[in-house]
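Coordinate analysis (summary)
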Amino acid sequence: MLYIAVLARRASPRLLAYTIPVLMFCGLAWELVVDFRFGIIRGWEGYHFWIPVVEYIWYIQYTIFPL
């Protein structure tokens, strides 16, 4: 929609240039969240690169909520 507005000269091309990286970052952030959630559940063939992050999160969780 913004692209059409730029073509119709109703919006600044600079606005489009600033909007695209934000949208790309949102997609990347969503991908990281989904990869983290399903990587923990599935465990990609027995190993996933989230192991250090998960151990750290578990350590914080067990510090806040001891068993």
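See the structure printed just above.
Treat the numbers as computed from the prediction; the structure is a model and nothing was measured.

**Quick look at the overall build of the protein**
Helices and strands together make up the secondary structure of the protein, namely three helices and zero strands. Each helix and strand of the protein, ordered N terminal to C terminal, gives the series α-α-α. Every one of the 67 residues in the protein was classed for burial, and the buried ones make up 12%. With an accessible surface of roughly 6,300 Å², the protein has 70% of that area assigned to carbon and sulfur atoms.

**Thoughts on unusual backbone geometry**
Non-glycine residue R9 carries a positive phi angle of around 60°. By the secondary structure assignment, R9 is in the loop between helix 1 (2-7) and helix 2 (13-42).

**Quick look at the environment of I51**
Positionally, I51 belongs in helix 3 (residues 51-64). For I51, a relative accessible area of 30% gives the class partly exposed. In this structure the C-alpha to C-alpha distance between I51 and F36, which are 15 residues apart in sequence, comes to 10.0 Å.

Quick notes on the rules
- Residues numbered from 1 in each chain as written.
- Predicted model: local features only at pLDDT ≥ 70, side-chain atom pairs only at ≥ 80, totals over all residues.
- Heavy atoms only, no water.
- Helix = DSSP H or I, 4+ residues; strand = E, 2+ residues; numbered from the N terminus.
- Buried < 20%, exposed > 50% of the residue type's maximum accessible area, 1.4 Å probe, protein only.
- Areas by Shrake-Rupley, 256 points an atom, 1.4 Å probe, with all protein chains shown as cover.

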